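# Breakdown of the fold
Residues per chain are reported as follows:
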Amino acid sequence: MSYNRKEIGPYEYIEQFNGNTALMVTMDKKGNCNVMALDWKKITEFKGIPVIRAQVAYSRYTYTLLIEGMNDFTINIPSEKTYHAIDIAGFYSGRNTDKLNKAGLITIPGKNIKVPTIKDCILSYECRIIHSSESNMTSHHYFYGKILTAYASNDIIK
Ligand SMILES: Cc1cc2nc3c(=O)[nH]c(=O)nc-3n(C[C@H](O)[C@H](O)[C@H](O)COP(=O)(O)O)c2cc1C
């Protein structure tokens, strides 16, 4: 199935990546997924490898999943259709709420990782964590995810 999107290079459409809040999906070892709103993200390089660097607070359930769950995450930039999910993903915690379900989000199985991407997003990235470190804020931690696959919606492809 095409899901109305195409694979792109990691640096394409970066202005839409930079200018928008993301939905970050993580997964526990049993395969349960969680979604969190993420503003502090950057496409950069780590040892010459294209990565997404996500800045996640220690207090988030997402942090626990990044440390104890799958070693992968996906980053999804919502379209108008999925934009409403930011409020739910950024307000509730996956510790006690199934936010994907609450927001009515539909997932697409990963191509190179088990963590799914989200349908109806303008950009999506499958990432494998290759490094993590303390960040410039003591409350937050950096996770560097190697970009394994990147997709852009046909709606934004010129
Ligand atoms: C617009 C928006 C942007 C956010 N950006 C971040 C971020 O960059 N890093 C972070 O740790 N939390 C960020 N948050 C807060 C988390 O999304 C929020 O605490 C969420 O409930 C955590 O969910 P979790 O406990 O399921 O991981 C943001 C929230 C909103 C509404």
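Cut-off values and rules
Residues numbered from 1 in each chain as written. Predicted model: local features only at pLDDT ≥ 70, side-chain atom pairs only at ≥ 80, totals over all residues. Heavy atoms only, no water. Helix = DSSP H or I, 4+ residues; strand = E, 2+ residues; numbered from the N terminus. Buried < 20%, exposed > 50% of the residue type's maximum accessible area, 1.4 Å probe, protein only. Contact = heavy atoms within 4.5 Å. Near = heavy atom within 4 Å. Polar contact = N/O pair within 3.5 Å; in protein donor to acceptor, adjacent residues only side chain to side chain. Areas by Shrake-Rupley, 256 points an atom, 1.4 Å probe, with all protein chains shown as cover. 1 Å grid on protein atoms, 1.4 Å probe; cavity = no way out; pocket = protein on both sides within 12 Å on 5 of 7 lines; lining within 4 Å. Sits in = over half its atoms within 2 Å of the grid points. Nonpolar A, V, L, I, M, F, W, Y, C, P; charged D, E, K, R; others polar. Points joined across faces, edges and corners; volume = space filled by probe spheres on them.

## Some points on the side chain of Ser-153
For Ser-153, the position within the fold is in strand 10 (residues 140–153). According to the relative accessible area criterion, Ser-153 is buried, its value standing at 5%. Other than its neighbours up to four places away in sequence, Ser-153 contacts Asn-4, Arg-5, Cys-121 and Ile-122.

## Overview of the site of the ligand
The ligand sits among 21 residues. The nearest are Thr-62, Tyr-92, Ser-93, Gly-94 and Lys-99. Interatomic distance of 2.8 Å between a backbone N/O atom of Trp-40 and an oxygen atom of the ligand. Between an oxygen atom of the ligand and a side-chain N or O atom of Ser-93, the distance comes to 2.8 Å. Protein chains bury 83% of the 650 Å² of accessible surface belonging to the ligand in isolation. Because more than half of its atoms lie within 2 Å of the grid, the ligand is assigned to the largest pocket. Those elements that provide at least two residues to the shell around the ligand are strand 3 (33–38), strand 5 (49–57), helix 2 (61–68) and helix 3 (85–91). Per-element tally for the shell around the ligand: the top contributor is strand 3, with four residues. Taken together, the residues of the shell around the ligand sort by class into ten nonpolar, eight polar and three charged.

## Some details on the environment of Gly-145
Mapped onto the elements, Gly-145 comes out in strand 10. A C-alpha to C-alpha distance of 23 Å links Gly-145 and Thr-82, two positions 63 residues apart in sequence. Setting aside residues up to four positions removed in sequence, Gly-145 forms contacts with Pro-50, Val-51, Ile-52, Phe-73, Cys-127, Arg-128 and Ile-129.

## Thoughts on the layout of surface pockets
Counted as a void, the largest pocket has a volume near 310 Å³. In terms of lining residues, the largest pocket is bounded by 23 residues, among which Met-36, Ala-37, Arg-60, Ala-89 and Gly-90 are the most central. Of all the elements in the fold, those that place two or more residues in the lining of the largest pocket are strand 3, strand 5, helix 2 and helix 3. By volume, the second largest pocket is sized at about 200 Å³. Forming the walls of the second largest pocket are 17 residues, and the residues nearest its centre are Tyr-3, Asn-4, Asp-120, Cys-121 and Ser-153. Residue assignment for the lining of the second largest pocket shows that the elements contributing at least two residues are strand 9 (121–134) and strand 10. Class assignment of the residues belonging to the lining of the second largest pocket gives a composition of eight nonpolar, four polar and five charged.

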